[in-house]
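Spelled out, the chains give:
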Amino acid sequence: MLPGNSANRNLGKDKFHKSQHFDYSNGVAMMVGAEKPGIGGELLLGQSSRPNYSLFPKGEGSDAPSWVAFDKQVLCFDAYFQESVPQRREEKHRVRMCKIYFYLEDDTIQVVEPELKNSGIPQGILIRRHRIPLPAPKEDCFYNVHHFNINQEIVFYSRNFMITDCDPFTRNFLIKMGVRLNPSASTPADPYTTHRQEMEDNMKPLRPYERIDTLKQFLEHDRKVLRFYCYWDDTESMFGDPRELILHYFLADDTMEIYEVVLPNSGRDAVPKFLHRGKLPKHAPIPKRQPGEITNRTVLNVFGPVGEGGRYILDSLKTGAVEEEFYKDCDLTIGGVINVWGRRMIICDCDNFTKEYYSSKYGVEDFTPVLYKASPPPKTARQVPPYTGFGSEEDSLCSCQGLLPKPPQKDFRKLMEKDRQGLVSNVLRFVAKMLTDSLIDKERVFIVYVYLSDDTIAVFEPPQRNSGVIGGKFLKRGRVKKPGQELFKSEMSEYFTAQDLYVGARLDLNNQPFQLLDADEFTFNYMEQHADEFPKANIATIVSKVKSISEEEQKKVKQFFTMSDPSSTGGIPYESFRTLLAEMDVQLSEHEIITLGRIYSVREQKEVDLGLMLAVAQDHLKKKNFEKFTDMIRAFTHEDRDRSGHLSSKEAQIIFKAFRLPLSDDLQRALLEKFQDESEKIDYHAFLSSINWRENPTPAVLPDVTVKLDADWRGDAADPAVKTINYSLFLEDVFGSTTNINDS
């Protein structure tokens, strides 16, 4: 006895219960009897443990549980069982084949019988998947993998199954398990199945039938129809007249159908079809045939009566067969005549699909249509009564086009494309003055709005201090007629469109003449971007006009540039450039001159004063009574994880939106750019201290300065954008080179 060892088996034991005499097997209460274990569930002498599932040799394979190691692994056995048939005289028993599936993961078994055609018995799953108990007296145990082998019987619920063979996977698995497999057994023939097979063999002819394959033609040409336009001259019959017909030829089955084109007010009823769909014989009308006289196959009676007991064969030579000729697609050509049950119809034309079909299959290239009727006379123009003066001209015209008046249709597509989209207003604005002899009206300034969505025009007059004229709306938005048109006429009036307005144009708006003097930046950019719609802003057209001058004038132009730029800087003032173009004989409008100046201008970006911007920002914050500067510093400090005192502009704008900073987005962006460093981050302490109107107030600014600053940082400066013209680039594009400027 070594130290620590003891002969007492109860040491370390934690179960001392007495095993019960009763237990459940397959849901049925039963007595265990002599197989009852001892105290604590220990086995007595002579007893052996009953495993719940199949046991495999230890030390081989993985240690994973069976439901993992044998997942989706199934043993498959071929088997059969005999079923007695006492109620039939033809058979005494029936042999039924089946498959036995044993699932290794949980020892479940499934029996499936393959379905046979016209068997007359229910087939499929005979025994659903579950654990099957052994036959009595061991019904408390279940089948496992050790109970299966080839060429032996197995009993499932009192039905004997004979296992004949297995698949290769099952064979290899059982061999690796150490099971000695028996040789494969043969399956006995089923008497009834043999009898049925003999009957089916006797029903088959000794020589094969002729194969008539129409499926290929149907699959290749289904829903493909040839369309021909036909003409039938029925004037010889009483009350007959020419008929127009449409012939449809179906390539799937070589059938035809004909529709009649019933013209309006022709006096004929519109019947559904002129000829129902079917095969059209060439030599119609044909004699009546008896039933069975026309067949696809010819049968020769060898001997015996017709029917049971007689012998017959198929005649491959088709002796005595009645043949009929039907129209095919090769018989239909333009200009050809077809016989439609005694009616001569001329094929005059066909559609595009039919032309492509005949061109690809038969190589036909000539599809000249046959003229079978005179061309219709030209339609007389409908006389429209003159405009009465009530409502609009379009509304009055719609009331004359039908009994039920409809509202005039608008160009909805143009409305959707040219309507306001976000910040793009799609409105052209021009500065205009009134052409009059009145000294007061000459000084008045008007803004002409042109709405591109519907070509309407509105005129506003901005208020001017001490002018004596009340500003506001001068002309309500609407379409404006061009001058010099008669009021009460049948034709539609012409209206001003966006193409009629440009800088320098003279407009007569409701008998009031105006002249357009200038336009805003959006108008110039829009007209230049859509140069195909606005010829006055088309740089190619303008340059071609300048190129058309004579050589003497070209020399004068070059001398003018040389005298205007004595220091050879390459640029001249815009006013000098405008004067030169206005004096040329090419008759350029003011808008075309401005377009040339904008293209060849030297643009200078004006720097905005930071102090003035801060003054405007503090003025806006003071008017809105914004004082959340301390809370904004806490928010900036919270977002500054590195405590560097700098944040990106994007993070700063997010904080501005969170606190609803009452400054416009453009002004915020302009201020943040002024406080950015090289890493594009801002010093938020300096920024918040600058806009804090409580602690660091700036001098107040006048309203006019605020408006001017607003125009500056928006990019719409009040000063003219074009100041200097790069004439060297202009000469290179127009005259080809600038090398001889100084020489001239």
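Residues numbered from 1 in each chain as written. Predicted model: local features only at pLDDT ≥ 70, side-chain atom pairs only at ≥ 80, totals over all residues. Heavy atoms only, no water.

In the nomenclature of an unreviewed UniProt entry, the protein chain is known as EF-hand domain-containing family member C2 of Cirrhinus molitorella. You can read under Subcellular location (unreviewed entry) in the UniProt record for the protein chain the words "Cytoplasm, Cytoskeleton, Cilium axoneme". Quoted verbatim from the Function (unreviewed entry) field of UniProt, the annotation for the protein chain is "Microtubule inner protein (MIP) part of the dynein-decorated doublet microtubules (DMTs) in cilia axoneme, which is required for motile cilia beating." (UniProt positions renumbered as here; feature names shortened; annotations may be inferred.)

**Student:** Please clarify how the overall build of the protein chain should be interpreted in this entry.
**Tutor:** Helix and strand content of the protein chain: 20 helices and 26 strands. Relative to its 744 residues, the protein chain shows a buried fraction of 31%. Contacts in the protein chain between residues far apart in sequence, at least 24 positions, make up 55% of those at least 6 positions apart. Accessible surface for the protein chain amounts to roughly 50,000 Å². Of this, 52% is attributable to carbon and sulfur atoms. (Helix = DSSP H or I, 4+ residues; strand = E, 2+ residues; numbered from the N terminus. Buried < 20%, exposed > 50% of the residue type's maximum accessible area, 1.4 Å probe, protein only. Contact = heavy atoms within 4.5 Å. Areas by Shrake-Rupley, 256 points an atom, 1.4 Å probe, with all protein chains shown as cover.)

**Student:** What am I meant to see in the pairing of strand β7 (residues 152-156) here?
**Tutor:** Remember that side chains alternate between the two faces of the sheet whenever the strand is regular. Looking at chain direction, β7 and strand β8 (residues 159-166) are connected through five bridges and run antiparallel. Within the sheet, the bridge partner assigned to E153 lies in β8 and is M162. Here β7 hands over to β8 after two residues, with Y157 in that stretch at a positive phi of 50°. (Pairing = 2+ DSSP bridges.)

**Student:** Can you help me understand the packing of aromatic side chains in this one?
**Tutor:** Working definition: an aromatic ring pair is given by the centre-to-centre distance plus the angle between the planes. Per the stated rule, a full pass over the model turns up 29 aromatic pairs. Considering the side-chain rings of F446 and F514, the 5.2 Å spacing of their centres and the 85° angle between planes classify their relative orientation as edge-to-face. With F446 in strand β18 (residues 445-451) and F514 in strand β22 (residues 512-519), the pair connects residues that are 68 residues apart, well separated along the chain. Overall, F446 belongs to the buried group, its relative accessible area being 0%. Judged by its relative accessible area of 1%, F514 is buried. In textbook terms, an aromatic cluster arises when at least three aromatic residues are bridged by ring pairs, as seen for F77, F81, F102, Y143, F148, F156 and F161. Positioned above the aromatic ring of Y451, the side-chain terminus of R477 is 3.7 Å from the ring centre. (Phe/Tyr/Trp six-rings, centres within 6.5 Å; stacked < 30°, edge-to-face > 60°. Lys NZ or Arg CZ within 6 Å of the ring centre and 35° of its normal.)

**Student:** What should I look at first to understand the pattern of salt bridges in this one?
**Tutor:** When the charged atoms of two side chains with opposite charge come close together, those side chains can pair. What the rule picks out here adds up to 32 salt bridges. Where D254 meets K328, a salt bridge forms, and the shortest distance between an N and an O atom there is 3.3 Å. Of this pair, D254 sits in the loop between β10 (242-250) and β11 (255-261) while K328 is found in the loop between β14 (311-314) and β15 (337-340), placing the two residues 74 residues apart along the sequence. Judged by relative accessible area, which is 14%, D254 ranks as buried. By relative accessible area, which is 34% here, K328 ends up partly exposed. (Salt bridge = Lys/Arg side-chain N within 4 Å of Asp/Glu carboxyl O.)

**Student:** How should the nonpolar core be read in this particular structure?
**Tutor:** The tendency in soluble globular proteins is for nonpolar side chains to be buried side by side. Counting residues in each nonpolar core, the largest one holds 53 residues, and the members touching the most others are F430, V448, F561, L596 and F730. In this view, V448 contacts L428, R429, F430, A432, I457, A458, V459, L501 and L516; residues no more than four positions away in its chain are not counted. One finds F70, I109, Y143 and I163 within the second-largest nonpolar core, a separate group that totals 28 residues. (Core = buried A, V, L, I, M, F, W, Y, C linked by side-chain atoms within 4.5 Å.)

**Student:** Sorry, what's going on with the packing of helix α11 (residues 551-564) against helix α12 (residues 574-583) here?
**Tutor:** Each pair of packed helices gets described by two things: the angle between the helix axes and the distance between those axes. For the pair α11 and α12, interaxial distance at closest approach is 12 Å and the crossing angle is 165°. Taken together, α11 and α12 sit at an angle that is classed as roughly antiparallel. Two packed elements cross with a definite hand, and for α11 against α12 that hand is right-handed. Between α11, through V557, F560 and F561, and α12, the contact on the second element is made entirely by S576, F577 and L580. (Axes fitted to C-alpha atoms, helices over the stretch in contact; angles between N-to-C directions. Parallel < 35°, antiparallel > 145°, perpendicular 65-115°, else oblique. Left-handed = near helix turned anticlockwise from the far one by under 90°.)

**Student:** Sorry if this is basic, but what is going on with the sheet that holds strand β16 (residues 343-350) here?
**Tutor:** The strand order across the open sheet built from six strands is β12-β11-β10-β9-β16-β15, with neighbouring strands paired in antiparallel fashion. Single-partner strands in this sheet number two, and they are β12 (275-278) and β15. With direction set aside, neighbouring strand axes in the sheet form an average angle of 35°. Bridge analysis of β11 against β12 gives two bridges, and the strand direction is antiparallel.

**Student:** What am I meant to see in the confidence of the model for the protein chain here?
**Tutor:** The predicted structure's coordinates, where accompanied by low pLDDT, should not be read in detail. Mean pLDDT over the protein chain stands at 84; residues scoring 70 or higher make up 88%. Low pLDDT, under 50, characterises residues 710-719; the predicted model gives this stretch twelve contacts beyond four residues in sequence or across chains. (pLDDT = per-residue confidence, 0-100.)

**Student:** Just checking my understanding: could you explain the sheet that holds strand β4 (residues 93-103) for this structure?
**Tutor:** Strand order in this open sheet of six strands is β6-β5-β4-β3-β8-β7, and the pairing throughout is antiparallel. Two strands bound the open sheet, and with one partner strand each, they are β6 (124-130) and β7. Across the sheet, the axes of successive neighbouring strands diverge by a mean angle of 30°, strand direction being ignored. Bridge count for β4 against strand β5 (residues 108-113) is five bridges, and the pairing is antiparallel. Bridge pairing links Y101 to Q110 in β5. Along the sheet face, helix α2 (residues 168-176) touches β3 (74-84) and β8 and points at about 110° away from the line of β3.

**Student:** When you look at the packing of helix α10 (residues 539-547) against helix α13 (residues 590-599) in this model, what are you seeing that I'm missing?
**Tutor:** The contact between α10 and α13 brings their axes to 10 Å, and the two run at 105°. Relative to α13, the element α10 is oriented roughly perpendicular. Contact residues: α10 offers I539, I542, V543, K545 and V546, while α13 offers E592, T595, L596 and I599.

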